[in-house]
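# Observations on the three-dimensional arrangement
The chain contents come next:
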Amino acid sequence: MFGLASYSTTATLTRRTGTEYDSRGFKKPTEKQEQITVFLDAPSTVEPTSVGASETDIYTQTLYAAPGTSINAKDKITISGTTYQVVGVSPPITNIFTGTTFYTEIKIRRITT
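Now for a look at the structure at hand. What you see is a predicted model, and the numbers here were worked out from it, not measured in a lab.

## Quick notes on the overall build of the protein chain
A count of helical and extended segments in the protein chain gives zero helices and seven strands. The order of helices and strands in the protein chain, counted from the N terminus, is β-β-β-β-β-β-β. Evaluated residue by residue, the protein chain yields a buried proportion of 24% over its 113 residues. Within the protein chain, contacts between residues at least 6 apart in sequence are counted, and of these 51% link residues at least 24 apart. Within the structure as shown, the protein chain displays about 7800 Å² of accessible surface, and the carbon and sulfur contribution to it stands at 52%.

## Side note on the nonpolar core
The biggest cluster of nonpolar side chains holds 13 residues, and the ones touching the most others in it are Val38, Leu63, Ile77, Ile79, Ile106 and Ile108. Taken together, the elements giving at least two residues each to this core come down to strand 1 (8–21), strand 2 (27–40), strand 4 (54–65), strand 5 (76–79), strand 6 (82–86) and strand 7 (104–112). Ignoring any residue separated from it by four or fewer positions in sequence, one finds Leu63 in contact with Val38, Phe39, Leu40, Ile77, Ile79, Thr104, Glu105, Ile106 and Ile108.

## Examining the packing of aromatic side chains
A full pass over the atoms with the stated rule returns one aromatic pair. Their ring planes at 90 degrees and their centres at 5.9 Å tell us that Phe39 and Tyr103 sit as a pair that is edge-to-face. With Phe39 in strand 2 and Tyr103 in the loop between strand 6 and strand 7, this residue pair connects regions lying 64 residues apart in the sequence. Accessibility expressed as a relative area gives 41% for Tyr103, which makes it partly exposed.

## Some remarks on the pattern of salt bridges
Opposite charge on two side chains permits pairing when their charged atoms draw close. Per the counting criterion, the structure on display carries six salt bridges. The closest approach of N and O atoms between Glu34 and Arg15, which form a salt bridge, is 3.1 Å. One end of the pair, Glu34, is in strand 2; the other, Arg15, is in strand 1, with 19 residues separating them in the sequence. Several salt bridges converge on common partners, so that one network encompasses Arg15, Glu34 and Asp75.

## Considerations on the pairing of strand 1
The side chains of a regular strand alternate between the sheet's two faces. Relative to strand 2, strand 1 runs antiparallel, the two being bridged by 13 bridges. Across the sheet, residue Glu20 finds its bridge partner in strand 2, namely Lys28. The hairpin turn running from strand 1 into strand 2, its antiparallel successor, is five residues long, and Gly25 in that turn takes a positive phi close to 90 degrees. One ladder, built from three bridges, connects strand 1 with strand 5; its direction is antiparallel. Directly across from Thr12, in strand 5, lies its bridge partner Thr78.

## Some words on the side chain of Thr104
Looking at where Thr104 falls in the secondary structure, it is placed in strand 7. Judged by relative accessible area, which is 2%, Thr104 ranks as buried.

Conventions adopted
- Throughout, residues of each chain are indexed from 1 in the direction in which the sequence is written.
- Per-residue local features are limited, in this predicted model, to residues with pLDDT of at least 70; the limit for side-chain atom pairs, both in listing and counting, is 80 or more; totals at the level of whole chains, interfaces and linings are taken over all residues.
- Processing note: side-chain calculations cover all non-hydrogen atoms of the structure and skip hydrogens and water entirely.
- Put simply, DSSP marks the helices as runs of H or I at least four residues long and the strands as runs of E at least two long, and each gets a number from the N terminus on.
- For every residue, the accessible area (1.4 Å probe, protein chains only) is compared with the maximum for its type, and the residue is labelled buried under 20%, exposed over 50%, or partly exposed between those bounds.
- A contact between two residues is defined here by any heavy atoms of the two lying within 4.5 Å.
- Values of accessible area rely on a 1.4 Å probe in the Shrake-Rupley scheme; residue burial ignores everything except the protein chains shown.
- Take the buried residues of types Ala, Val, Leu, Ile, Met, Phe, Trp, Tyr and Cys, join any two whose side-chain atoms come within 4.5 Å, and each joined set is a nonpolar core.
- Aromatic pairing here means that ring centres of Phe, Tyr or Trp (its six-membered ring) are within 6.5 Å. Orientation follows from the plane angle: under 30 degrees is stacked, over 60 is edge-to-face, and everything else is tilted.
- Salt bridges, as used here, are contacts in which a Lys or Arg side-chain nitrogen is within 4 Å of a carboxyl oxygen on Asp or Glu.
- Two strands are counted as paired when DSSP detects at least two bridges linking them.

Just distances and angles here, no functional claims.
Have a look at this one:
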């Protein structure tokens, strides 16, 4: 049986809840923040790329959140002051045989230039 990493940390989950209009009539997203506990998966991937004259690194990481946590593709996660984008949708998954809800696996990435 696999276990979670023993290192957990508190992260800020920023959810996009809708849109509103600013004073000039432009749409802007409305966001709601909440604190969640996540477990960091040890390995991360760095993909160096060069586009034109700039060097870009893409860091990818896998997190695990409490069972039943639902994460959308437009959400952002901030860990220790660093903001990451969520890759894809991370719905809660339930074991079809036992009904147990698994920890939610979240793929995140950070792009630096």
